Amino acid sequence: MNKHVELKNHLREIFYFRLRLAVGIGFVLTLMAILLMRFLYLQVVRHDYYQTLAESNRISVVPIVPNRGLILDRNGIVLAHNYSGYTLEITPTKTKGLEATINELSTLVEITPRDRKRFKKLLAERRNFESLMIRNKLTDEEVARFAAQQYRFPGVEIKARLFRDYPYGEQMSHLLGYIGRINQTDVEELEENDLAANYRGSDYIGKTGLEQSYENELHGKTGVEQVEVDSGGRAVRILSRTPPSSGNTLVLSIDAKLQEIAVQSFGNYRGAMVAIDPRNGEVLAFVSKPGYDPSLFIDGIDPQSWDELNNSPDTPLNNRALRGQYPPGSTIKPFMAMAGLHYGTRSPERTISDPGYFTLPGSGHQYRDWKKGGHGSVDMFKSIVVSCDTYYYGLATELGIDKIFNHLSGFGFGKKTGIDLEGETSGLLPSQEWKMRRYKQKWYAGDTVSVGIGQGYNLVTPMQLGYATATLANNGVAYRPHLVREVRSARSAESRVIEQKQEFDLKFNPAHYDLVRRAMVAVTQPGGTAVSASAGAPYQIAGKTGTAQVIGIKQGATYNESQVNERHRDHAWFIAFAPAEQPTIALVVLAENGGHGGGTAAPIARKVLDYYLLGKVPQPLPDVAEKEGEEND
Amino acid sequence: MTRRQLWLRFTAHIDPPLMLGISLLMLTSLIVLFSADNASFGQPLKQLANITIGLACMWIIANLPLHYLMRTAIPIYTMGLVLLIGVALFGEISHGARRWLNLGVMTIQPSELMKIGVPLMMAWYFEKHEATLTAKNYIVATLLLLVPVGLIARQPDLGTALLISASGFYVLFLAGLSWRVMGGLFVAALASAPFMWSMLHDYQRHRILMLFDPEQDALGKGYHTIQGMIAVGSGGILGKGYLDGTQTHLDFLPERTTDFIFAVYSEEFGLIGNMILIGLFLFVIGRGFIITANASTYFTRLMAGSITLTFATYAFVNMGMVSGILPVVGVPLPLVSYGGTSMLTLLLGFGMLMSIETHKKLNKT
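It should be emphasised that the depicted structure is a prediction, and the values quoted were computed from it without experimental measurement.

Student: Break down the environment of Y444 of chain A for me, with residues and values.
Tutor: When you line up the elements, Y444 of chain A lands in the loop between α18 (432–439) and α19 (445–451). The spatial distance from the C-alpha of Y444 of chain A to the C-alpha of Q432 of chain A is 8.9 Å, given a sequence separation of 12 residues.

Okay, structure coming up:
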């Protein structure tokens, strides 16, 4: 009985299952019927229509590349623009023998070995079916000569293209960057961001500098043309057209003339300079020397020029202002003094006696002052004016690393400034926690001593030091530094002004700020370390010199500039703001291997300040900075 | 043992009609790939390697007795789930989606594994509770489906998520989910559509919108649809002839060896060719249904039915996408598109069908 029920259930179950299966079969047949109806519609009913599209006149969707946006300086001077020119291009798959074609071509138009090398490089990294440039900037005569012979060269054609030009060349190279051909990495990145469609037809993309950071603004929107092409692929008729919209114009806060003067003032020195309007964070000049010729990169740099740039001991490809990390040296002292005042560790009146060195209690190690025999009795004001090391060894020790870390990071040390350029480095502001992480060691009292004069683990970028100086100049109110002031739409009169918001306010005690500022003014007065900076200036400059050691000096040995290899000489720093009572410009100058801040860096700063504040253009530039008086650091 | 005996032993668990059907489809794959790859042997040879590996794995599965097959359900499903969670946490991002897991030696896409793992697990679960099926069991089975689908949808890989949902749904359907519940689910799905829409990624919405007006994104995704329809439509009744497809050979067709291979086929062989291809698919599907109907246990019935219906769904979705009635979701044409992973997954499925068919006599006793 039981068995019977079970069996019956089993059969019923199978019956129901097969019923369901039949529904499934019906479902599948319906789907396939839908497909067949669709095929019937496309391939029979609409066949003529698609036949027309595909066979006799194919519709080709042609992207129209937008013009790249311009870059202007704050006064409307053009820093990057486009011009049209002719290029000679080869589609490798359509030629009969690439080598032979190029040799044949060289009888008509000049093709240098450099062009050939560049072509080879393009060939190696090409995307499918692309035509590759063998020559650019053809003259009208060359164009005419080739056009007459074109039938002999299948797969070779002349194209009119827009080229990017940077009138200021090397001077602006680290600021503007450059555009270059889109490579496989770029393609992947574009696809990841779902931008690939907008770059169909585009050959170039911003690679570094502002060209990279503002790629989205500068590129513009690609247009589309639907054209009928005949069986040979030639366009017969335009069916529809969506025009491209040009990229937006960037108006920078940079003053091109100021930048030019700054670059020239460096003479033969390598280094960096950043000038900021402390009232709003606008960057007025952004120099990294040496620069490079950006036009070399646009169509792929040839291997020879690349090697020259890449292997040069002057590292012209290194953006020193943004990425160079140096010990701040004595330029850190005004910030240390603010820390000392803030925590009440040292009152302004407290005087120390400087024997020329500092020792930690219970240690024999001598931390030397730069001046043999010391500065005698020194209070806070004098400590800045004469840049007394002994004072700051003591101050740092009394503050301790935690307070130093807290206060200096308030000024933005050890952090990226957030300027609108990619690739910024963050410097290094040491802390107990950092040392444990990095070296698995605890922090020693000796570590703190040298941090006090900016020589320990400390590293800053010129950009950072410039930002901190601007914050100091603006009474502790910080504006994030930025290079682009305004984005103008190319099509409408629309323009977006990028207004910088106040980043933070350190809320200085007025008395503390006043003391440090007065001391910094005295630095540029007789008796200070940078007399040359303000000699004869009708406005007051607040400044501070600094020296960043390149090689360490042994205990007991002396540093003698004339005996040291030029590239091992100290780097010279100078930070300044002016006019001292109401600063409208703050800047930092770094002259690599420049020796003393007062001697080399301060005169460079002075020329920039004179132009900015007085409109004075320096006379045919003297060979940088003869040493004046007893300036030292 | 004579050579003949050896051969019989070797082919004992291969189902001849099914083998014939899939062989013809794979042969079609090689022929079309030769054309799609501009008359070169590059891709066809690589595809041949894929097929060889796939067939070897199929043979192994076909020779596994059914209780072994059932025993793999939990390990495969669990592994797939762990890997999916791994992807969500450590996966590599490519094209804005997190689908791949780098295991050091190779990168894998765990969602592929789940195409087999989910129906396998659900069929196993139903088999285990066969005697006492209640509403609770259906809910648990649904959860077994929804968890991996949710993870895959999050990657986001909507196409695969929907297809795995379909294969899981087929198991539920064949296991006797009541019509009333299915009706309710259908209504609920319709009602939640606006909410789902808001959950989609921009590019996914884009693809759906584009279906209604491909012209509007003629440079981007719409380009695929437009060129696919032109290829199919211009093929006409008889087609342009092998190796003579202009859309194919003038580089108008994107992804023509993978997702859009059907456009190449359709352009060159026309409506007649399409009917033959659909006939081939129906032959394979039909054999699958026969195996399903004759399957001896609850587990094998569910599994065979799900594999067959899923195969049919893949074919429909791909051809529908190329001919412009479904959005471009990135589903290959089963057994025809170039690709090692999908070939392997499909042939593993066919291996199970063969095992189900050829082991049933043993099982019945």
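Student: So, the confidence of the model for chain B: which residues are in play, and what are the values?
Tutor: When pLDDT is averaged along chain B, the result is 86; 88% of the residues meet or exceed 70. The ipTM, which scores confidence in the relative placement of chains, is 0.92 for this predicted complex, and the corresponding pTM is 0.63.

Student: Tell me about the interface of chain A and chain B, residues and numbers included.
Tutor: The partner chain B presents 40 residues to the 37 residues of chain A that form the contact. Secondary-structure elements contributing two or more residues to the side of chain A that touches chain B are α1 (2–45), α2 (47–56), β1 (58–64), α7 (184–192) and β8 (223–229) of chain A. When residues of the side of chain A that touches chain B are assigned to their parent elements, the largest contribution, 18 residues, is made by α1 of chain A. Broken down by class, the residue content of the side of chain A that touches chain B amounts to 22 nonpolar, six polar and nine charged.

Student: Describe unusual backbone geometry, listing the residues and the values that go with them.
Tutor: Residues and elements named next belong to chain A. The amide bond that connects K289 to the next residue, P290, takes the cis arrangement and shows omega of -5°. Tracing the backbone through its elements, the reader meets P290 in the loop between β12 (282–289) and α11 (295–298). The linkage connecting A578 with the following residue, P579, adopts the cis geometry, with an omega of -15°. Within the fold, P579 resides in the loop between β22 (571–578) and β23 (585–591). We note that N475 has phi near 60°; this positive angle belongs to a residue other than glycine. Looking at the element boundaries, N475 is found in the loop between α20 (462–473) and β17 (477–479). A positive phi angle is found at N593, which is not glycine, with a value near 55°.

Student: Before we move on, could you go through the confidence of the model for chain A and cite the residues and values that matter?
Tutor: On average, chain A scores 85 in pLDDT, and the residues at 70 or more come to 91%. Residue range residues 621–632 of chain A is modelled with pLDDT below 50. Its contacts to residues more than four positions away, or to other chains, number 25 contacts.

Student: Explain the packing of helix α6 (residues 110–128) of chain B against helix α14 (residues 298–322) of chain B to me, and be specific about the residues and the numbers.
Tutor: Residue and element names in this part refer to chain B. For the pair α6 and α14, the least separation of the axes is 8 Å and the interaxial angle reads 155°. Compared by their axis directions, α6 and α14 come out roughly antiparallel. Between α6 and α14 lies a crossing of right-handed hand. Between α6 and α14, the contacting residues are P119, L120, A123, W124, F126 and E127 on the first element and Y298, F299, L302, M303 and S306 on the second.

The rules behind the values
Residues numbered from 1 in each chain as written. Chains lettered and ligands numbered in written order. Predicted model: local features only at pLDDT ≥ 70, side-chain atom pairs only at ≥ 80, totals over all residues. Helix = DSSP H or I, 4+ residues; strand = E, 2+ residues; numbered from the N terminus. pLDDT = per-residue confidence, 0-100. Contact = placed C-beta atoms within 7 Å. Nonpolar A, V, L, I, M, F, W, Y, C, P; charged D, E, K, R; others polar. Axes fitted to C-alpha atoms, helices over the stretch in contact; angles between N-to-C directions. Parallel < 35°, antiparallel > 145°, perpendicular 65-115°, else oblique. Left-handed = near helix turned anticlockwise from the far one by under 90°.

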